[in-house]
Amino acid sequence: MANAIELRGLTKQWGDHFGLRDLDLDVQAGSVTGLIGPNGSGKTTTMRIVLDHIRATTGHASVLGHDSRTAGPQLRAKVGYLPGELPLEARWTAAQQLTWLASLHDHDSIDVAALAARLDLDLDRPVGDLSKGNRQKVGIVSALLHEPEVLILDEPASGLDPLVRRELWSLLREAASRGRTVFLSSHVLGEVEEICDRVAILDEGRLVAEDDVHTFVDRRGRLVRIDFAAPVDSADFEQLAMVHEVVADGRTLELRISGSVDALIKAAARFEVVDFTSRPLSLEEMFLETVTHREVADG
Amino acid sequence: MGDFPILIRALRVRRRGLIGWSVGLALYVAMMLAVYPTVRDDTTFDDLLAEYPEGIRALFGGDVSITSGGGFMSAELFSILPILVSIMAIGAAASLLAGDEERGLIALVLASPLRRRRVIEEVSAMTIITVVVPTTVVAVALLVGGPSVRLDLAVSKAVAACVAVAVFALLHGMVTLTIGAATGRRSRAVAVTSVLLVAGYLAEIVGTIASWAEPLQAASPYHHLIASQPAVDGFATVAIVIVLAVSAGLGVLATVLFDRRDLVA
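Rules and cut-offs
- Residues numbered from 1 in each chain as written.
- Chains lettered and ligands numbered in written order.
- Predicted model: local features only at pLDDT ≥ 70, side-chain atom pairs only at ≥ 80, totals over all residues.
- Heavy atoms only, no water.
- Pairing = 2+ DSSP bridges.
- Helix = DSSP H or I, 4+ residues; strand = E, 2+ residues; numbered from the N terminus.
- Axes fitted to C-alpha atoms, helices over the stretch in contact; angles between N-to-C directions.
- Phe/Tyr/Trp six-rings, centres within 6.5 Å; stacked < 30°, edge-to-face > 60°.
- Buried < 20%, exposed > 50% of the residue type's maximum accessible area, 1.4 Å probe, protein only.
- Patch = residues over 30% accessible without salt bridge, like charges linked within 9 Å, V, L, I, M, F, W, Y side chains within 5 Å.
- Areas by Shrake-Rupley, 256 points an atom, 1.4 Å probe, with all protein chains shown as cover.
- Salt bridge = Lys/Arg side-chain N within 4 Å of Asp/Glu carboxyl O.
- pLDDT = per-residue confidence, 0-100.
- Contact = heavy atoms within 4.5 Å.
- Buried area = accessible area lost by both parts, 1.4 Å probe.

Here the focus is the sheet that holds strand 13 (residues 252–257) of chain A. All names here are of chain A. On the basis of which strands lie adjacent, the open sheet formed by 4 strands has the order 12-13-11-14 and antiparallel pairing. What marks the edges here is a single partner per strand, and that holds for strand 12 (243–249) and strand 14 (273–280). Averaged over all neighbouring strand pairs, the angle between strand axes comes to 15°, with direction disregarded. One ladder, built from 6 bridges, connects strand 12 with strand 13; its direction is antiparallel. Counted as the bridge partner of Val247 is Glu254 from strand 13.

For any pair of aromatic rings, the description rests on two quantities: the centre-to-centre distance and the angle between the ring planes. All names here are of chain A. Applying the stated criterion across every chain yields a total of 7 aromatic pairs over all chains. Their ring planes at 75° and their centres at 6.3 Å tell us that Trp92 and Trp100 sit as a pair that is edge-to-face. You'll find Trp92 and Trp100 in the same group, each marked buried. By the ring-pair criterion, three or more aromatic residues cluster together here, those being Phe228, Phe237 and Phe271.

Let us now look at a nonpolar patch on the surface. Nonpolar side chains collect at one region of the surface, where Leu143, Val155, Val159 and Phe235 of chain B lie side by side and expose about 310 Å² of accessible area between them. One can find Val159 of chain B in helix 8 (residues 155–183).

Evaluation of the coordinates by the stated rule reveals 24 salt bridges over all chains. Through salt bridges that share partners, Glu89 of chain A together with Arg9, Asp100 and Arg103 of chain B make up one connected network.

In the predicted model, chain B carries a mean pLDDT of 93, and 97% of its residues have values of at least 70. As a predicted assembly, this complex carries a pTM of 0.88 together with an ipTM value of 0.88.

Turning to the environment of Gln28 of chain A, a few remarks are in order. All names here are of chain A. Topologically, Gln28 is positioned in strand 2 (residues 17–28). Given the relative accessible area of 26%, Gln28 is considered partly exposed. For the pair Gln28 and Asp197, spaced 169 residues apart in the sequence, the C-alpha separation amounts to 9.6 Å.

Turning next to the interface of chain B and chain A. Between chain B and chain A, the contact holds 27 residues from the first and 28 residues from the second. Carbon and sulfur atoms make up 55% of the area that chain B and chain A hide from each other, which totals about 2400 Å². Summed over the three residues of chain B that lose the most area to chain A, namely Leu108, Pro113 and Asp262 of chain B, the buried surface amounts to 25% of that side. Counting the contacts that link chain B with chain A gives 3 salt bridges.

Rendered as structure tokens:
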């Protein structure tokens, strides 16, 4: 599959502060790719370089095969952008706002009313009267207005209630199924898990992980909690190959494992087990683990 | 819509302010016209001014008779109008470029096929409209209301004075635009240009009184465009051409500077 966005050796430096460090990343055409990371990790910086709003100190970004620095208007006509903070005219209605935004793109626009209805956005109210979530909907409609080939969405689900968020995800999945590419950022990892095909984790401007979201989920391991009738020796469990970490608290053990739970169950069965729960790690926990490990390694 | 989206938006968001200022200026002209007959028929005003020190006289237009239509309007209208219209131009240029950049609107615009150069061009166009509208209103008010109070101000002189004001204000708008293009900071663009505006005015006043300030006066656009009293002496063609050329040059400079840098938001 071709790449819609290619970032090569992207570094952004402000004085001695690094916004990005040597970032290599591919966003496959027709995929929904999520960029996740804590605040200040470089998500917005990456998107702003892709849009040529800011320039990389070194390295380059290409979109649909064109260098984003030099491609100019023809390329930007194919890109839809939702900024993290959408600047709107308080007195204008959502419809007026969208008509104006559409006028920036010299292009026939899609059916705004239908899209607004799907997102439950009232087009006739002044933007100043809208809640944060409704303002966000205006931005989402505006990013989709000219049917762009590449969508760059900075925290698209921010402020949306769960129902609208689900509608947004289906809009984005539909776009991807028509061959559009969606490149979005989020710091809510559950969102990324719901919608993305691929995920890239940034921390302090560095790419710390990048993979297919399912591979991520499969590889991320499980959290097992066992309540015993009497305290047990955690050392009996630490030696098991698939156990990475054991936290003992009285008669309770919490274990982080990867792979099959079979050996663990057999080891636990030697004692009287009161309760046994096993669940996959959330991306949140995994993300924290990835970032924390890096900090330990760096420190 | 679609051909000049930035200009069209600028007109919509700044329309009320522009109309309000223009109505205010028209009322000011009407008030001056209402006062004029008192001055016109009383030559003691000229005698009174002759008693004043040179510096004070300079504020009222030097040795030109204040009871003449051109002299009166130079002293009472065209001395303050350039400052007011400049403030309008500074406000428009600052908020439409650096101000809109700070709130992320320019980034949104530049995610569309529009080039950065177009942003500078359309904001420049709005700056021109911001100086042309109020000066046209003043010119029309003078030409319509003048005859009723027997204001001896020729059409060409009134137009010359209004053109001078527009050109003067445009220069300050373009300085603001250029600083905004270079820095992306609204407050910095306003602050620097305001200092230049006040400095140019003070240089004219001080230059009239103190010889050491004459080089400063010679560098002041206020001196060449406004203190030359176009309402009395007609078009200061050379000054107008130079200032327009400088303004155009600033537009080019702004384009280059804006194109090279990172957006601030």
